[in-house]
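Observations on the model geometry
Below, each chain spelled out in residue letters.
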Amino acid sequence: MEHKRKNNASALTHLIVICPIVFVFGCDESLQTTPGDLSGNNLSASWTKAQRIIQDALMDDDPLARSRAIEVVASTRQLKLMPQVQRLMQDNSVLVRFAAALAVGDTQYSPAKRSLNKLLKDKDANVIIAAAYAMGKLGSTEHLQILRKAATDSDQVVRANA
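Here we summarise the structure given alongside this text. Residue numbering note: each chain is counted from 1, following its sequence as written. Two thresholds apply to this predicted model, a pLDDT of at least 70 for residue-level local features and 80 or more for giving and counting side-chain atom pairs, whereas whole-chain, interface and lining totals are computed over all residues. Only hydrogens and water are set aside; all other atoms, that is, all heavy atoms of the structure, feed into the side-chain values.

What follows is about the overall build of the chain. Note on conventions: DSSP H or I runs of at least 4 residues are helices, E runs of at least 2 residues are strands, and numbering of each starts at the N terminus. Secondary structure summary: the chain contains nine helices and zero strands in total. The order of helices and strands in the chain, counted from the N terminus, is α-α-α-α-α-α-α-α-α. Sorting the 162 residues of the chain into buried and exposed places 33% on the buried side. The long-range share in the chain, meaning contacts at least 24 apart out of those at least 6 apart in sequence, stands at 51%. Here the chain has roughly 11000 Å² of accessible surface; of this, 57% comes from carbon and sulfur atoms. Only protein chains enter the accessibility calculation, which uses a 1.4 Å probe; a residue whose area is less than 20% of its type maximum is buried, one above 50% is exposed, and one in between is partly exposed. We call two residues contacting when some pair of their heavy atoms lies within 4.5 Å. Per-residue and other accessible areas follow the Shrake-Rupley method at a 1.4 Å probe size, with only the shown protein chains counted as cover for residues.

Next up, the structure:
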């Protein structure tokens, strides 16, 4: 019995020592950036891949994925993807329409102004708030009263979005 415990302890010690070594040296990808990683070709290829991922996410079946992709487009100011975001202002999902309207405002994408006007008549109060915000960012301050009114709404979510 004593011999078996020593073997188990020895095996455990070896496992504890070997696992980190295998993990560190067995990884295919380096966590460090080398000058070669920053070359024009690698950076360009990575950027192209990232844009494809964003475009795919903008067309994903999942509304949450589409809304997150819209947020990425706006936060990284990918204006060439804004026509796709503008089309998503007609999406069936409130979450997607809301995110698309915010993105139009945040990027000040004026070609979507006509689409925003349609969203000002949306059936969801939160989408209307996002459209009013975007119109304000585009210089149409006459819609700001929508935000003021929403700030006192009885619905907590509407108030938070205002």
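For Gln78, the position within the fold is in the loop between helix 3 (63–75) and helix 4 (82–87). Setting aside residues no more than four positions away along its own chain, Gln78 makes contact with Trp47, Gln51 and Val73.

Between two packed helices, both the angle of their axes relative to each other and the distance between the axes serve to describe the pair. An axis is simply a line fitted to the C-alpha atoms; with a helix, the fit covers only the stretch in contact. Between two such axes, the angle follows the N-to-C directions and lies from 0 to 180 degrees. Following both chains from N to C, one finds helix 5 (residues 94–107) and helix 7 (residues 125–137) inclined at 10 degrees, their axes separated by 7 Å at the closest point. By the criterion of interaxial angle, the relationship of helix 5 to helix 7 is roughly parallel. Of the residues in helix 7, those in contact with Val94, Arg97, Phe98, Ala101, Leu102, Val104, Gly105 and Asp106 of helix 5 are Asn126, Val127, Ala130, Ala131, Tyr133, Ala134 and Lys137. For this classification, the nonpolar set comprises Ala, Val, Leu, Ile, Met, Phe, Trp, Tyr, Cys and Pro, the charged set comprises Asp, Glu, Lys and Arg, and every other residue, Gly included, is treated as polar. When grouped by side-chain class, the residues that make up the contact of helix 5 with helix 7 number ten nonpolar, two polar and three charged. Oblique is the label for every angle not falling under 35 degrees (roughly parallel), over 145 degrees (roughly antiparallel), or within 65 to 115 degrees (roughly perpendicular).

When a protein is soluble and globular, its nonpolar side chains tend to lie buried together. Grouping buried Ala, Val, Leu, Ile, Met, Phe, Trp, Tyr and Cys residues that are joined through side-chain atoms within 4.5 Å yields what is termed a nonpolar core. Ranked by internal contacts, the top residues of the largest apolar core, which has 33 residues, are Leu58, Ile70, Val85, Val104 and Leu116. Setting aside residues no more than four positions away along its own chain, Ile70 makes contact with Leu58, Val85, Leu88, Val96, Ala99, Ala100 and Ala103.

At Arg77, a residue that is not glycine, the phi angle is positive and equals roughly 55 degrees. By secondary structure assignment, the location of Arg77 is in the loop between helix 3 and helix 4. In this structure, Gln108 is a non-glycine residue whose phi angle is positive, near 50 degrees. Structurally, Gln108 is set in the loop between helix 5 and helix 6 (113–119).

This brings us to the side chain of Thr107. With respect to the element layout, Thr107 can be found in helix 5. At 3.5 Å, the side chain of Thr107 forms a polar contact with the backbone oxygen of Val104. The residues touching Thr107, leaving out its near neighbours within four places in the chain, are Ala74, Arg77, Leu79 and Met82. Whenever a nitrogen or oxygen atom comes within 3.5 Å of another N or O atom, the pair is scored as a polar contact, on the condition that within protein one atom can donate a hydrogen and the other can accept it, and that pairs from neighbouring residues in sequence are kept only if both atoms are in side chains.

With 14 residues, helix 5 should cover 20 Å at 1.5 Å per step; its first-to-last C-alpha distance of 20 Å lies within 8% of that length. The element helix 5 is largely enclosed, with a buried count of ten among its 14 residues. Turning to helix 5, its buried residues number three or more, namely Val96, Arg97, Phe98, Ala99, Ala100, Ala101, Ala103, Val104, Gly105 and Thr107. Looking at where helix 5 begins, the residue whose side-chain oxygen comes 3.2 Å from the main-chain nitrogen of Leu95 is Ser93. At the C-terminal side of helix 5, Gln108 shows a positive phi close to 50 degrees. By definition here, a helix of n residues has an expected span of 1.5 Å times n minus one.

Read these as geometric descriptors, not functional statements.
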